[in-house]
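# Breakdown of the fold
Okay, here's what each chain looks like letter by letter:
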Amino acid sequence: MKMVINGELVDKNDKINILNPANNQIVDTVPSGSLEDIKRALNAASQAKTVINDMSSRKVSRILYNIYEDVLKNSNKLAQLITLETGKPISDSTDEIKRSVETILLSAEESKRIYGETVPLDACIGGKTALGFTMKVPLGVISAITPFNFPINLAIHKIAPAIAAKNCVVLKPSMKAPLAALKLVQIMSRHLPPGVINGVTGHSSIIGDEMISSPLVSKVSFTGSIETGLSISKKASMKKITLELGGNDPLVVLDDANINKAVKAAVSGSFLNAGQVCIAVKRIVLHEAIANEFVSKLVSETVKLNMGDPSNNKTDVGPLIDEEAAKKVEILVNDALNNGAELLLGGKRSDAFYTPTIIDHVKSNMKIVSDETFGPIAPIIRVNSVDEAFEVANNTEYGLQAGVFTGSIETALKAAKVIEAGSVIINRQPTFRTDNMPFGGFKNSGMGKEGIKYAVDDMTKTKLIVFG
């Protein structure tokens, strides 16, 4: 797979192997881009700013509709690439593409809804004879840096709103899964002027650092780890930044909850994409009064999951992104068990595969729940009251999303008020996301919001016009 710089496909002699985590075989290679490559991409984007800015909103919208049609036409190829490079079950990869094309469609629609406003200057001294109004103008060049777990959808959430707002983009996908994202950029570049969309691969110490520090860049949009997010915030200087970082999302199930619905939510939320989701259920907080019933049903439902070949439509759980990731999960599970937790199901690793695992009697200070565990794990923390449940939910440096199951509207409203998270979702798992909702967390889960309308707004700046 080749890079895209200034509308051209670019290859290099120096390659990076991309492995299939299900069998550790090479799927393809990508170029190992140099400092010169990323500078060329950023220069191309900077020069293309005036071209896209001169387009009408109607034309930009039409281009995005055409991209929507082209990506839709290539849906099967893109889904297969996602499965090959990430190990995500093909049914989940197909769902990711469905969401991604919808996100492009939303962006095409939003590109025609970028409004300014009139300003009542006569409300202040000296403003009686003045007319004021604002315009939303593009930022310029957006650096987009994305992770492996949703290689198309998370890239689209940065690229499509940026183009809708008439910006240019340079994308750096994860080197663990860059193929589908590069293919996406190749598709999009067929419909856009050269330089408006670029995709560059290579080592973060070279490519990523230049994308953050370059004076040509107006905004950095990053999804990934806290450590990298903190580094970006230090290096970005006066640039705008959006950081979508980690999550340690609780699923709180109280004694008046619908247990059967909560169990289904826990299964889908804990094991989707082998738990490699920032909004996956990372902690199940159970009221003691219903804990035994919930746990019994959770085990019964989880054993029904099929783990295996991700290209098989019947597979529910595939491998983690690589064997190293699976070993990290193995270490955390063993640490919890050695410190008093009880293994109810799973707990076995084979290469990059880790079986869906349920652990009971977990304490909040155990590493498996104090940090973000990226794996197919359902750790259970038992509590004795609503207040204790919400206290446990907040006992983390993260604050992305939280799910609460309760039959009480009063308790639901209390949860909405006291839980420190960017989204509090009642009677659904925290893994719930639609592509138009404002998405982004509190505390160390990041800053800024994604979701088309909100991303478009943050990818513009406000200019005031005054007639005297």
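Preceding block: the structure.
Notes on the structure follow. What you are looking at is a predicted structure, and each value in this text was computed from that prediction instead of being measured.

## Description of unusual backbone geometry
Leaving glycine aside, a negative phi is the common case for residues, and trans is the common case for peptide bonds. Residue asparagine 6 is not a glycine yet carries a positive backbone phi of 55°. Here asparagine 6 is to be found in the loop between strand S1 (3-5) and strand S2 (8-10). A positive phi angle, close to 60°, is found at serine 237, a residue other than glycine. Within the secondary structure, serine 237 is located in the loop between helix H8 (226-235) and strand S11 (240-244). According to the relative accessible area criterion, serine 237 is exposed, its value standing at 61%.

## Here we look at the side chain of serine 61
In this structure, serine 61 sits in helix H2 (residues 57-73). Setting aside residues no more than four positions away along its own chain, serine 61 makes contact with Ala108, Ser111 and Lys112.

## Focus on the pattern of salt bridges
Summed over all chains, the structure comprises 24 salt bridges. Of the charged contacts in the structure, one is a salt bridge between lysine 12 and aspartate 37, with a shortest N-O distance of 3.0 Å. With lysine 12 in the loop between S2 and strand S3 (15-20) and aspartate 37 in helix H1 (residues 35-53), this pair connects stretches of sequence that are 25 residues apart. Under the relative-accessibility criterion, aspartate 37 is labelled buried at 3%. The network of salt bridges with shared partners includes Glu323, Lys327, Glu330 and Arg349.

## Considerations on the sheet that holds strand S6 (residues 131-138)
Sheets are built from strands that pair by backbone hydrogen bonding, the pairs being arranged parallel or antiparallel. In space, the three strands of this open sheet follow the order S5-S6-S24, with antiparallel pairing throughout. Two strands in the sheet have a free side with no partner beyond their single neighbour: strand S5 (118-119) and strand S24 (460-467). Two elements, S5 and S6, share two bridges in a ladder whose sense is antiparallel. The residue bridging valine 119 from the neighbouring strand is glycine 132, located in S6.

## Section: the packing of aromatic side chains
Considering all chains together, one arrives at two aromatic pairs under this definition. Judged by centre distance (6.3 Å) and plane angle (20°), the rings of phenylalanine 133 and phenylalanine 467 are stacked. On the criterion of sequence distance, the pair formed by phenylalanine 133 in strand S6 and phenylalanine 467 in strand S24 is long-range, its members being 334 residues apart. Judged by its relative accessible area of 26%, phenylalanine 133 is partly exposed. Seen from their ring centres, phenylalanine 148 and phenylalanine 374 are 6.2 Å apart, and the 85° between their planes marks the pair as edge-to-face. With phenylalanine 148 in the loop between strand S7 (141-145) and helix H5 (153-164) and phenylalanine 374 in the loop between helix H12 (367-370) and strand S18 (377-383), the pair connects residues that are 226 residues apart, well separated along the chain.

## Some words on the pairing of strand S13 (residues 283-287)
Within a regular strand, the side chains alternate between the two sheet faces. Burial runs high along S13: five of the five residues are buried. Burial along S13 is two-sided: Arg283, Val285 and His287 and Ile284 and Leu286, pointing in opposite directions, are all buried. Taken together, strand S12 (residues 250-253), helix H9 (residues 259-271) and S13 form a β-α-β motif whose crossover is right-handed. Sheet topology places S13 next to S18; four bridges connect them, and they run parallel. Along S18, the bridge assignment pairs leucine 286 with arginine 382.

The rules behind these values
Residues numbered from 1 in each chain as written. Predicted model: local features only at pLDDT ≥ 70, side-chain atom pairs only at ≥ 80, totals over all residues. Heavy atoms only, no water. Helix = DSSP H or I, 4+ residues; strand = E, 2+ residues; numbered from the N terminus. Buried < 20%, exposed > 50% of the residue type's maximum accessible area, 1.4 Å probe, protein only. Contact = heavy atoms within 4.5 Å. Salt bridge = Lys/Arg side-chain N within 4 Å of Asp/Glu carboxyl O. Pairing = 2+ DSSP bridges. Phe/Tyr/Trp six-rings, centres within 6.5 Å; stacked < 30°, edge-to-face > 60°. Right-handed = clockwise from strand over helix to strand, strands pointing away.

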